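# Report on the structure
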Amino acid sequence: MPIRTASAQWQGNLTEGSGTIRTGKGGLSGNYSFASRFEEGQGTNPEELIGAAHAGCFSMALSKALADAGSPATSVETTAKVHLDKTDAGMTVTRIDLETVGQVPGIDEAQFTTFAEGAKENCPISRLLAPGVQISLTARLAG
């Protein structure tokens, strides 16, 4: 398997500086700053990138599980809400709330939820994050 890379460049001090985050192949690039990370400023932040990675990984894992079971999805759309909280150890990602909506012909809500729970437990990004981060899931079929 290939090794994936990303880079970040930062200039200045924490509160007044700024930087750029890039994925290795150039698919994503964004500016980031103290304001975009800890306030509501313009730009991206590491937590959004973690959320994007988790939502993407989960959606792919769920789509694979559904197809393997003979019920391929027409679409799976997932949002990851990443919670960055101040703890005794410092600023920490404490929780990620996954919200997914699937268009999957031929299955019911209970079956979809079962597949989604399996994807939450088994996608590589969930396995990476699960030892220290609470991961919740809300799954529903598009209606």
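A brief report on the enclosed structure follows. (Residues numbered from 1 in each chain as written. Predicted model: local features only at pLDDT ≥ 70, side-chain atom pairs only at ≥ 80, totals over all residues. Heavy atoms only, no water.)

## A closer look at the layout of surface pockets
Each pocket or cavity is described by its volume, and for the largest pocket that value is around 270 Å³. Every residue lining the largest pocket is counted, 13 residues in all, and those nearest its centre are Ser-36, Arg-37, Glu-39, Asn-45 and Val-82. Residue assignment for the lining of the largest pocket shows that the elements contributing at least two residues are α1 (34–38), α2 (46–68) and β4 (75–87). Here the lining of the largest pocket gets 3 residues from one element, more than from any other, and that element is α1. (1 Å grid on protein atoms, 1.4 Å probe; cavity = no way out; pocket = protein on both sides within 12 Å on 5 of 7 lines; lining within 4 Å. Points joined across faces, edges and corners; volume = space filled by probe spheres on them. Helix = DSSP H or I, 4+ residues; strand = E, 2+ residues; numbered from the N terminus.)

## Let's talk about the pattern of salt bridges
Overall, the coordinates contain 6 salt bridges when judged by the stated rule. Measuring nitrogen to oxygen at the nearest pair gives 2.5 Å for the salt bridge that ties Asp-68 to Lys-64. Taken together, the residues span about one helical turn, with Asp-68 and Lys-64 both in helix α2 at a distance of 4 residues. Of the two residues, Asp-68 and Lys-64, neither departs from the other in class, the shared state being exposed. With a closest N to O distance of 3.6 Å, Glu-121 and Lys-120 form a salt bridge. On the basis of relative accessibility, which here comes to 13%, the residue Lys-120 falls in the buried class. Overlapping salt bridges bring together Glu-117, Lys-120 and Glu-121 as one network. (Salt bridge = Lys/Arg side-chain N within 4 Å of Asp/Glu carboxyl O. Buried < 20%, exposed > 50% of the residue type's maximum accessible area, 1.4 Å probe, protein only.)

## A short note on the nonpolar core
Counting residues in hydrophobic clusters, the biggest one holds 22 residues, and the most contacted among them are Phe-58, Leu-62, Ile-96, Leu-98 and Phe-112. Within the residue set of this core, elements represented by two or more residues are α2, β4, β5 (90–103), α3 (109–122) and β6 (134–141). The greatest single-element share of this core, amounting to 5 residues, is contributed by α2. Ignoring sequence-local partners within four residues, the contact set of Phe-58 consists of Thr-78, Leu-98, Thr-100, Ala-116, Ala-119, Lys-120, Cys-123 and Leu-137. (Core = buried A, V, L, I, M, F, W, Y, C linked by side-chain atoms within 4.5 Å. Contact = heavy atoms within 4.5 Å.)

## Let's talk about α2
Helix length check: α2, at 23 residues, gives a terminal C-alpha distance of 33 Å against a target of 33 Å (1.5 Å per residue), a fit within 8%. Within the sequence span of α2, burial applies to Glu-47, Gly-51, His-54, Ala-55, Cys-57, Phe-58, Ser-59, Leu-62 and Leu-66. Where α2 is buried, its residues contact α1, β4, β5, α3, α4 (124–129) and β6. Between the side-chain oxygen at the start of α2 and the backbone nitrogen of Glu-47 there is a gap of 3.1 Å, and the oxygen is on Asn-45. Once α2 finishes, Gly-70 follows within two positions and takes phi at roughly 85 degrees, a positive value. (Expected span 1.5 Å × (residues − 1). Polar contact = N/O pair within 3.5 Å; in protein donor to acceptor, adjacent residues only side chain to side chain.)

## Quick word on the sheet that holds strand β1 (residues 6–11)
Spatially, β1-β2-β3 is the arrangement adopted by the 3 strands of the open sheet, whose pairing is antiparallel. On the outer flanks of this sheet lie β1 and β3 (29–33), each paired with one strand and no other. The sheet shows a mean angle of 20 degrees between the axes of neighbouring strands, direction not considered. One ladder, built from 6 bridges, connects β1 with strand β2 (residues 18–23); its direction is antiparallel. (Pairing = 2+ DSSP bridges. Axes fitted to C-alpha atoms, helices over the stretch in contact; angles between N-to-C directions.)

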